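Chain and residue survey
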Amino acid sequence: MNKFKRYTVTSALPYANGPVHIGHLAGVYVPADIYARYLRLKNQDVVFIGGSDEHGVPITLKARKEGVTPQQIVDRYHEIIKNSFKDFGISFDIYSRTSNKIHHQTASDFFTTLYNKGEFIEKTSMQFFDEAENQFLADRYIMGTCPKCGAEDAYGDQCEKCGSSLSAEELINPRSVISGNKPILKETKHWFLPLDKYESELKQWILKDHKDWKANVYGQCKSWLDSGLFPRAVTRDLDWGVKVPLEEAKDKVLYVWFDAPIGYISATRELTKDWEKYWKDKDTKLVHFIGKDNIVFHCIIFPSMLRHEGSYILPDNVPANEFLNLEGDKISTSRNWAVWLHEYLEEFPGQQDVLRYVLCSNAPETKDNDFTWKDFQTKNNSELVAIMGNFINRTMVLTHKYYNGIVPEPFKDTEYEKEIRSEIKRIKHSIEKNIENYKFREALKEVMNITRLGNKYLADTEPWKLIKTDEDRLKTVLYYSIQISAISAVLSEPFLPFTAEKLLKMLDIDKPEWDKAEDFDLIKSGHKLNSAELLFSLIEDDKIEIQIQKLLRSKEMNELEKKTVLPQKDTISYDDFIKQDIRISTILEAEKVPKADKLLKLLVDTGIDKRTIVSGIAKYYRPEEIIGKQVCVLVNLAPRNLRGIESNGMILMAEDKDGSLKFISPENACGNGSVIS
RNA sequence: GGCGAGGUAGCUCAGUUGGUUAGAGCGCAUGAUUCAUAAUCAUGAGGUCGGCGGUUCAACCCCGCCUCUCGCUACCA
């Protein structure tokens, strides 16, 4: 680890449109914090950077919906996020935000440098423009009728009714979300980062030079690189964000993914005048902690920006984690299926380390993992309390009972003490090696092995018997137990900072350096220990039950949500209705469309003719079970090519709230071609 | 369908360049123990290492096919 003179550690910027939950913590902030705390204990020069990502369209939409400004939205969540991180002990050297002036300046300068070097390519295209509001409309700002399902409230990028991804030009009767007016198409110019040109250097840098990256990270990069990169727009027609520093683009802002990672740099600038050595010196090790959804930005796009700006170093590693699930289901903000950090801090006051411990020991380092409250309780009660808390308590109580809390003078080491010394040394090196390789789960296990070793030591030497038989031996055993306690305070600090602090206070010593934590003289003989307190407390069933009930309520709310029906559509005339020609038809043949997950190719007898229809029902019906079934078919729908097969009509389906589809069939057999009206 | 990551004891996970009886923690069972928040310590039960085939003297590890989970992506009217 001596290859580098200093470290720049960044953690993904949380998006300031909601609070932080355990998924964010387990994936990014807990590991990043452990890493940063460890480096500090090793007396390394380290900056640990965080901040809120405050730009982008979703924030402007949320603001509009609530009738407030985007700034008010981000102010609100920035405060919540920042405070909860602080209370949770995430030890940022700075937690900044991208709506800061210094960030706007930094991002703007960054763009200018790339612009002046001629890195960008410029492209002009037609985009929707709201004349009344005098602004271009992002895809999310346009609504219209979905060309695929006819839903009237499809967005410019996606129809939420049918799930199709769309481009704004496809919408029928597009309207501006802002004014309701019909937008016009207007020419607009944008700047693109030519990732395609960087392909070969990226291949060299990642695929050849960084085989050491985690399998999931390396694999995903390889996948992107192998399938070919394309230029990516770095500007948008919006008014919330960092203004593009060009006269001809004064109504445009930088695309949020372009400005957000620059936020790491801005925050460092805000932190120290010396910021450049953390970003531009070859002797600095840059590490980005992120979740797997961010791999492409941090491994491909941001490094390309850094490299071509010219003066920056590239990340040495990007240890991305997978996702954490909650009680078997995906964590979801919109479904309120989450454990929110700010709520945890209120409901489990003073128990930050329990959550830190559970999230680290079960961190999704190699694959998605599951957080359950039962597991949370077990890990607290039978690991933190029973192993670590218990050993400390035993040591404290014995010392107070036999020597009034005064650390005794050791008599003579036996083979056992020599073993203890070498085992502690091994554990310490193992923790170091694992942290340096981003294996925090394994490192934490070794931390627990320290007090596990202590418990065994006490059981084997039986100091409660020695008091009657061999006091010299007793003094040695207690001395060693106290040293083990002090060592565990140091080596557990990155993982359990609150506990470490409490323990040091009990032992009444200052925080020693990491490298001293293999010497057995952190506390001198004759030193007086403070009174014993419990490091951890048992968590009873009722406390866990409350949390489980809380989640069940979320589930019930979601069920209720499912039962709410869509509002009635606008009134239509009878003439509108009878334009649709719906007939009873019988399915004659059915087969899966190759290379498509959802499609079945059907031959149906409509009474009028026998025709082919392609339908997206493969997830709900198997071909063989639907042959002979009577269904309703919209027969006069314009034909459409799907996967190269012409589909002549549409099978009418009932769609449940969970998205599952069911046929509409006549109660009794009915002649093919019967009209439905 | 394509790509990526996974599928190892009841649960959560390790398994280094293929080499004799596959490991850990928790949980479980039995025994020991009392300094300790019934916590601790010892011992043990429990796995055809997702399935099939191949390479090899030898495969959890390499190759092929299949299957399940997660993510990205394509296809639903």
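How each quantity is defined
- Residues numbered from 1 in each chain as written.
- Chains lettered and ligands numbered in written order.
- Predicted model: local features only at pLDDT ≥ 70, side-chain atom pairs only at ≥ 80, totals over all residues.
- Heavy atoms only, no water.
- Salt bridge = Lys/Arg side-chain N within 4 Å of Asp/Glu carboxyl O.
- Helix = DSSP H or I, 4+ residues; strand = E, 2+ residues; numbered from the N terminus.
- Buried < 20%, exposed > 50% of the residue type's maximum accessible area, 1.4 Å probe, protein only.
- Domains from an automatic or database assignment.
- Contact = heavy atoms within 4.5 Å.
- Buried area = accessible area lost by both parts, 1.4 Å probe.
- 1 Å grid on protein atoms, 1.4 Å probe; cavity = no way out; pocket = protein on both sides within 12 Å on 5 of 7 lines; lining within 4 Å.
- Points joined across faces, edges and corners; volume = space filled by probe spheres on them.
- Nonpolar A, V, L, I, M, F, W, Y, C, P; charged D, E, K, R; others polar.
- Polar contact = N/O pair within 3.5 Å; in protein donor to acceptor, adjacent residues only side chain to side chain.
- Arc of directions from axis to C-beta.

This part covers the pattern of salt bridges. For the structure shown, the criterion picks out 44 salt bridges. Between Arg37 and Glu493 there is a salt bridge, with the nearest N and O atoms lying 3.0 Å from each other. Taken as a pair, Arg37 in helix α1 (residues 22-41) and Glu493 in the loop between α16 (471-491) and α17 (497-507) lie far apart in primary sequence, 456 residues in all. For the pair Arg37 and Glu493, one class covers both residues: buried.

A few words on the domain arrangement of chain A. Split by domain assignment, chain A resolves into domain 1 (6-111 + 254-321), domain 2 (345-516) and domain 3 (574-676). For domain 1 versus domain 2, the separation of C-alpha centres amounts to 33 Å. With 25 residues of domain 1 in contact, the opposing surface of domain 2 contributes 27 residues. Here domain 1 and domain 2 share an interface that buries about 2300 Å² over both sides, 68% of which is from carbon and sulfur atoms.

The subject of this paragraph is the layout of surface pockets. Empty space within the second largest pocket amounts to approximately 1200 Å³. If you trace the second largest pocket, you find 38 residues lining it, with Pro14, Tyr15, His24, Asp293 and Asn294 closest to the centre. Taken together, the elements giving at least two residues each to the lining of the second largest pocket come down to α1, α7 (256-271), α9 (295-309) and β15 (324-326). When its residues are assigned to classes, the lining of the second largest pocket shows 19 nonpolar, 13 polar and six charged.

Let us now look at the side chain of Lys42. The residue Lys42 is located in the loop between α1 and β2 (45-52) in this model. A polar contact is formed between the side chain of Lys42 and the side chain of Asp515, at a distance of 3.2 Å.

Taken together, the buried positions of helix α2 (residues 57-66) are Val57, Ile59, Thr60 and Ala63. Within α2, the buried residues cover an arc of 160° as seen down the axis, which keeps them to one side. The elements touched by buried residues of α2 are α3 (70-88).

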